[in-house]
Amino acid sequence: MAEYYIRTPEQDESRGPFDVAKLATLADAGQITENTLYYDETKEEWIPIALNEELKTHVFPEREKLSLKIEDNEDSSENEEAEEEDGINVEDMLKAAEADTKETRHLRQSQKSFERAVALASMTLGLMMLLSAVSFIFPHLAIIQGAVDEQLYSSLPNYPFLLLGVFDLFMAVLLLLSVTDIYPLIRGRSMIGLGFGVYLGWAIGDPQLMLLFGLGGIGVFLATITQKISVMIAAILMGIGCNGILAYLAISGRFDEFYSIVQINLIAQ
């Protein structure tokens, strides 16, 4: 039987592992909600229970809605007076029965924020990776053209930054097709880009490049893990902004000389 680790959106500390029966017990006790996150080992992400229909069905089975039948005005008045004496309000009961309370509204708002962040992530990450691909591939266009003219295609793998650009382009296509299973690869790629940016900025003697590569890599990384729309917007600004500037610098010829001398003897000519 599958077991799950869980945590709330506001906390980093997790609990578990719990099987489905235990999760259902916690749900009945009000200790977890549909907005509670569980760790998906396949996607390596924390995901709300509400987004997993099968798990949600077992943990939060459908319950019949509370309905009140008012027979006549006299009985209604008597019921209202009794409820007021006991501190019970029919409207509050109906709202509670339909999960329309202050707490659940807050959870729904958090859930909507998470869903908006997820919706933005794939598309914007695809654009970030596309801009990154341009910044690596464009400086190699003359090399690519020469290899095509001389039919020496085997020489192209000897340019590591060209390979990195091709990888980014492939990742961009998958992300624009909403393939989210590659997020772990994107996170690893963002860390490589961060380290490369420091090296390139140091090699050229340009701290501005170090900053652009660094913030661009951080933006990509955050976009793969954040669950809040505010953080996602900040990640988008960093990722698209910095990678866009790098793409512009590449098109302007800023990196031509540097990339042309960086080769490896991967395939002997």
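Note that the coordinates shown come from a computational prediction; the quantities given were computed from them, not determined experimentally. (Residues numbered from 1 in each chain as written. Predicted model: local features only at pLDDT ≥ 70, side-chain atom pairs only at ≥ 80, totals over all residues. Heavy atoms only, no water.)

### Describing the overall build of the protein chain
Scanning the protein chain for helices and strands turns up 11 helices and four strands. Every one of the 269 residues in the protein chain was classed for burial, and the buried ones make up 36%. If you take every contact in the protein chain between residues at least 6 apart in sequence, the share linking residues at least 24 apart comes to 64%. When the accessible surface of the protein chain is summed, it comes to about 16100 Å², and 57% of that surface belongs to carbon and sulfur atoms. (Helix = DSSP H or I, 4+ residues; strand = E, 2+ residues; numbered from the N terminus. Buried < 20%, exposed > 50% of the residue type's maximum accessible area, 1.4 Å probe, protein only. Contact = heavy atoms within 4.5 Å. Areas by Shrake-Rupley, 256 points an atom, 1.4 Å probe, with all protein chains shown as cover.)

### Remarks on the pairing of strand β4 (residues 45-48)
Two elements, strand β3 (residues 37-40) and β4, share four bridges in a ladder whose sense is antiparallel. In the sheet register, Leu37 faces β4, and the bridge partner there is Pro48. Between β3 and β4, which pair antiparallel one after the other, the connecting turn spans four residues, and Glu44 there sits at a positive phi close to 55°. (Pairing = 2+ DSSP bridges.)

### A closer look at the side chain of Arg187
With respect to the helices and strands, the residue Arg187 is situated in helix α8 (residues 183-204). At 3.3 Å, the side chain of Arg187 and the backbone oxygen of Thr224 are in polar contact. Look past the residues within four positions of Arg187 in its chain and what remains in contact with it is Glu44, Phe221, Thr224 and Ile225. (Polar contact = N/O pair within 3.5 Å; in protein donor to acceptor, adjacent residues only side chain to side chain.)

### What about the pattern of salt bridges?
If the charged atoms of two oppositely charged side chains come close together, the side chains can form a pair. Within the structure shown, the criterion is met by two salt bridges. In this structure, Arg189 and Asp168 form a salt bridge, with 2.7 Å as the shortest nitrogen-oxygen distance. Pair noted here: Arg189 is in helix α8 and Asp168 is in helix α7 (residues 160-176), with a separation of 21 residues, a long-range link. Note on Arg189: relative accessible area 8%, which makes it buried. You can call Asp168 buried: its relative accessible area is 0%. (Salt bridge = Lys/Arg side-chain N within 4 Å of Asp/Glu carboxyl O.)

### Focus: a nonpolar patch on the surface
A cluster of nonpolar residues, Leu127, Leu130, Leu169, Val173 and Leu177, forms a patch on the protein surface that exposes about 400 Å² of accessible area. At the level of secondary structure, the elements contributing two or more residues to the nonpolar patch comprise α5 (102-137) and α7. Turning to its location among the elements, Leu177 is positioned in the loop between α7 and α8. (Patch = residues over 30% accessible without salt bridge, like charges linked within 9 Å, V, L, I, M, F, W, Y side chains within 5 Å.)

### Structural notes on the environment of Val59
Relative to the helices and strands, Val59 resides in helix α2 (residues 53-59). Its relative accessible area of 1% is what places Val59 among the buried residues. The sequence separation of Val59 and Leu26 amounts to 33 residues, and the corresponding C-alpha distance is 8.7 Å. Not counting the four nearest positions on each side in its chain, Val59 is found in contact with Val20, Leu23, Ala24, Ala27 and Ile32.

### Observations regarding the nonpolar core
Counting 16 residues, the largest nonpolar core has Leu125, Met129, Leu175 and Ile186 as its most contacted members. Those elements that place two or more of their residues in this core are α5, α7, α8, α9 (207-225) and α10 (229-251). In this structure, Met129 is in contact with Asp168, Met171, Ala172, Leu175, Ile186, Arg189 and Val220, ignoring residues within four places of it in sequence. The next biggest cluster of nonpolar side chains, apart from the first, holds 15 residues, and it includes Leu164, Cys242, Leu246 and Tyr259. (Core = buried A, V, L, I, M, F, W, Y, C linked by side-chain atoms within 4.5 Å.)

### A look at the sheet that holds strand β1 (residues 3-7)
Strand-to-strand pairing in sheets goes through backbone hydrogen bonds, with the strands running parallel or antiparallel. The strand order across the open sheet formed by four strands is β2-β1-β3-β4, and the pairing between neighbours is antiparallel. Of all the strands in the sheet, just β2 (15-19) and β4 have a single pairing partner and so form its edges. Across the sheet, the mean angle from the axis of one strand to that of its neighbour is 40°, orientation sign disregarded. Bridge analysis of β1 against β2 gives three bridges, and the strand direction is antiparallel. Pairing of Ile6 across the sheet is with Arg15, part of β2. (Axes fitted to C-alpha atoms, helices over the stretch in contact; angles between N-to-C directions.)

### Focus on α9
Relative to the 27 Å expected for 19 residues at 1.5 Å per residue, α9 spans 27 Å between its end C-alpha atoms, a close match to the ideal helical length. Buried within α9 are the following residues: Leu209, Leu212, Phe213, Gly214, Gly216, Gly217, Gly219, Val220, Ala223 and Thr224. The N-capping residue of α9, defined by a side-chain oxygen 2.9 Å from the backbone nitrogen of Gln208, is Asp206. (Expected span 1.5 Å × (residues − 1).)

### Points about the side chain of His140
With respect to the helices, strands and loops of the structure, His140 is situated in the loop between α5 and α6 (141-150). Classification of His140 by relative accessible area gives buried; the value is 0%. Beyond its immediate chain neighbours, meaning those up to four positions away, His140 contacts Tyr159, Phe161, Leu162 and Tyr259.

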